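# Observations on chain architecture
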Amino acid sequence: MGLPMDDAVVIQKGNRPGEPYIITVNCPDKTGLGCDICHTILDFGLYITKGDVSTDGIWCYVLLWVVPHSSSPIVRWVNLKDRLLSVCPSCSVSFYLNEPSPRVDSSPVYLLTFCSRDRRGLLHDVTHVLCELDLTIQRVKVTTTPDDRVLDIFFITDNLELLHTKERQNETYKQLYAVLGQSCSCELQLAGPQYDNLQCFSSLSPSVAEELFRCELSGNEFRTQALSPDMTQLKKASVTIDNSLSPGHTLLQISCVDHKGFLYDIMRTLKDCNIQIVYGRFSPVNKGQRELDLFIRQKDGKKIVDPVKRDALCSSLKVEMLHPLRVNITNRGPDTELLVANPVELSGKGRPRVFYDVTLALKTLGICIFSAEIGRHCTSDREWEFYRFLLDENCRFDLQCMVGRNQIVDKVRRTLMGW
């Protein structure tokens, strides 16, 4: 027996066109709830302009003002509400009795394969359709044949949990054929052992992994990762901790250049460090800067007074603001490869919309993708999700020249960062 959840998530449209939507979440609290909410909002292509959050440790209240990113597909607000409800802790009797919640089975993985004539921007157009259908890409394997045809393998999950129905499958086919044309072949089925095999297939060489995942910016990295003036501004990020203003909570103050997913990056770090937010205010962007004031505590309810823990938390937050995403171009044999990577949450979730944004940037640049893969890589302290794209040499950029490579990296990074 559960308690009513009708008002747990309320989405209110702005009074005038162009005004932000207001999202209200009012539900039982849990460590990491703010991260899960920001992950979902980012997954729908929305940008949080400002917000407030408060909790008494049992119940929380979250108020967020959001607007769609310019590159986002049409927002399905009803689907967004359902997704937000799914991350809220259950308002059930077991919650109040402190009993474990029933285990939720993971969504089934489906195998989507299609073969079509290749063209510039095709991969992004397909990704755009999958996003509009609320289908999440888990893994992908894209190859181009010598006769200019593409064989694409997508492993996807359905956020609506309806892909087993004929109606949902027909809707998916219809949208894909509208992009690919009726001459293509397209097949959708439950994934089998090939999904596990693909997860182990893609790997990074030690030298490429070391350059991609290092934290410090060496002089060589300035060249290979093409840091624009916007990127160097991230080095001015400020993180301070103050225990003098509250008897029971630690004040965390953050100031940094704004970027797409900024709040998600902060919330993800706090969630992985088992830090609870008691009260927080996310101020609107001022001259490109984002400022946050958060009253936080450890999972045991105590302030963060241990200097080692304080320094570790500040260091982790600065790394996420300095390098929320890694972008690099390298040689892969005779070919040119674009690499993009992002940290994975301890829960196993990757960052939303990375594949969407990278393929959008390459389409905008007029660069064809010869092949593409998504994989996971573990370093000494964390897991990463990486994306690798072999680029077609037939484009307006000289891929063997550092200037041309830097222009590509800069465009990809700007798209990912929302600049």
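Because the structure is predicted, anything quoted here is derived from the model rather than measured.

## Thoughts on the overall build of the protein chain
The secondary structure content of the protein chain amounts to 13 helices and 16 strands. Per-residue burial for the protein chain yields a buried fraction of 52% across its 419 residues. The long-range share in the protein chain, meaning contacts at least 24 apart out of those at least 6 apart in sequence, stands at 70%. About 19500 Å² of surface is accessible on the protein chain, with carbon and sulfur atoms providing 52% of the total.

## Re the environment of Leu-245
In this fold, Leu-245 is placed in the loop between strand 9 (238-242) and strand 10 (250-257). Sequence-wise, Leu-245 and Phe-295 are 50 residues apart; in three dimensions their C-alpha atoms are separated by 9.7 Å.

## Concerning the pairing of strand 6 (residues 135-144)
Summarising the sheet, strand 6 and strand 7 (residues 149-158) pair through nine bridges and their orientation is antiparallel. Each residue of the ladder has a partner; that of Arg-139, found in strand 7, is Phe-155. Linking strand 6 back to strand 7 in an antiparallel pair, the connection comprises four residues, with Asp-148 at a positive phi of about 60 degrees. Pairing of strand 6 with strand 15 (residues 369-378) involves three bridges; the strand directions are antiparallel. Residue pairing across strands places Val-142 opposite Ala-372, the latter belonging to strand 15.

## Thoughts on the packing of aromatic side chains
In the structure shown here, the tally under the stated rule is six aromatic pairs. Three or more aromatic residues link up through ring pairs in this structure, and these residues are Phe-355, Tyr-387 and Phe-389. When the ring centre of Tyr-356 is taken as reference, the NZ or CZ atom of Arg-353 above it lies at 4.4 Å. The aromatic ring of Trp-384 is capped on one face by Arg-382, whose charged end is 5.2 Å from the ring centroid.

## Considerations on the side chain of Arg-326
Its place among the elements puts Arg-326 in strand 13 (residues 326-332). Residue class for Arg-326 comes out buried when judged on its relative accessible area of 0%. There is a polar contact of 3.2 Å between the side chain of Arg-326 and the backbone oxygen of Leu-212.

## Quick look at the confidence of the model for the protein chain
Per-residue pLDDT for the protein chain averages 85, and the proportion of residues at 70 or more is 87%. Long-range and interchain partners of residues 92-104, a stretch whose pLDDT sits below 50, account for 11 contacts in this model, where long-range means more than four residues apart. This stretch, residues 217-226, has a pLDDT under 50; its non-local contacts, to residues over four places away or in other chains, come to 29 contacts.

## Regarding the sheet that holds strand 4 (residues 59-68)
The strands making up a sheet associate through hydrogen bonds between their backbones, and the pairing can be parallel or antiparallel. Ordered in space as 1-2-4-3-11-12-10-9, the eight strands form an open sheet in which the pairing is antiparallel. Strands at the two margins of the open sheet, each flanked by one partner only, are strand 1 (9-12) and strand 9. The mean inter-strand angle of the sheet, taken between neighbouring strand axes irrespective of direction, is 25 degrees. Relative to strand 4, strand 2 (residues 21-28) is paired through eight bridges, and the arrangement is antiparallel. By the bridge assignment, Cys-27 is partnered in strand 4 with Cys-60.

## What about the pairing of strand 12 (residues 289-298)?
Examined bridge by bridge, strand 10 and strand 12 share eight bridges and lie antiparallel to one another. Its bridge partner lying in strand 12, Thr-250 is registered against Ile-296. Hairpin connection from strand 11 (residues 275-282) to strand 12: six residues lie between these consecutive antiparallel strands, with Lys-287 at a positive phi of about 55 degrees.

## As for the sheet that holds strand 7
Taken in spatial order, the eight strands of this open sheet run 8-5-7-6-15-16-14-13, and their pairing is antiparallel. One side of each edge strand has no neighbouring strand; the edge strands of this open sheet are strand 8 (185-190) and strand 13. Recorded for the sheet is a direction-independent mean angle of 25 degrees between the axes of neighbouring strands. In this sheet, strand 7 lies alongside strand 5 (residues 110-117) in antiparallel orientation, the contact comprising eight bridges. Counted as the bridge partner of Arg-117 is Arg-149 from strand 7.

## Quick look at the packing of helix 10 (residues 262-272) against helix 11 (residues 307-322)
Interaxial distance between helix 10 and helix 11 falls to 10 Å at its minimum, and their mutual angle equals 150 degrees. Viewed along their axes, helix 10 and helix 11 adopt a mutual orientation that is roughly antiparallel. For the crossing formed where helix 10 meets helix 11, the hand is right-handed. In this structure, helix 10 contributes Phe-262, Asp-265, Ile-266, Arg-268, Thr-269 and Leu-270 to the contact, and helix 11 contributes Leu-313, Ser-316, Leu-317, Glu-320 and Met-321.

## Overview of the pattern of salt bridges
As enumerated under the stated definition, the model contains 26 salt bridges in all. One salt bridge in this structure joins Arg-16 and Glu-19, with 2.9 Å as the shortest N-O distance. Residue Arg-16 is classed as exposed on the basis of its relative accessible area of 56%. In this structure, Arg-332 and Glu-337 form a salt bridge, with 2.8 Å as the shortest nitrogen-oxygen distance. Residue classification places Arg-332 among the partly exposed positions, given a relative accessible area of 31%.

## Observations regarding the side chain of Arg-388
With respect to the helices and strands, Arg-388 occurs in strand 16 (residues 383-391). For Arg-388, the side chain forms a polar contact with the side chain of Glu-337, separated by 2.7 Å.

## Describing the environment of Ile-22
Counting through the fold element by element, Ile-22 comes out in strand 2. Residue Ile-22 is classed as partly exposed on the basis of its relative accessible area of 21%. Sequence separation between Ile-22 and Leu-63 is 41 residues; the distance between their C-alpha atoms is 7.1 Å.

Cut-off values and rules
Residues numbered from 1 in each chain as written. Predicted model: local features only at pLDDT ≥ 70, side-chain atom pairs only at ≥ 80, totals over all residues. Heavy atoms only, no water. Helix = DSSP H or I, 4+ residues; strand = E, 2+ residues; numbered from the N terminus. Buried < 20%, exposed > 50% of the residue type's maximum accessible area, 1.4 Å probe, protein only. Contact = heavy atoms within 4.5 Å. Areas by Shrake-Rupley, 256 points an atom, 1.4 Å probe, with all protein chains shown as cover. Pairing = 2+ DSSP bridges. Phe/Tyr/Trp six-rings, centres within 6.5 Å; stacked < 30°, edge-to-face > 60°. Lys NZ or Arg CZ within 6 Å of the ring centre and 35° of its normal. Polar contact = N/O pair within 3.5 Å; in protein donor to acceptor, adjacent residues only side chain to side chain. pLDDT = per-residue confidence, 0-100. Axes fitted to C-alpha atoms, helices over the stretch in contact; angles between N-to-C directions. Parallel < 35°, antiparallel > 145°, perpendicular 65-115°, else oblique. Left-handed = near helix turned anticlockwise from the far one by under 90°. Salt bridge = Lys/Arg side-chain N within 4 Å of Asp/Glu carboxyl O.

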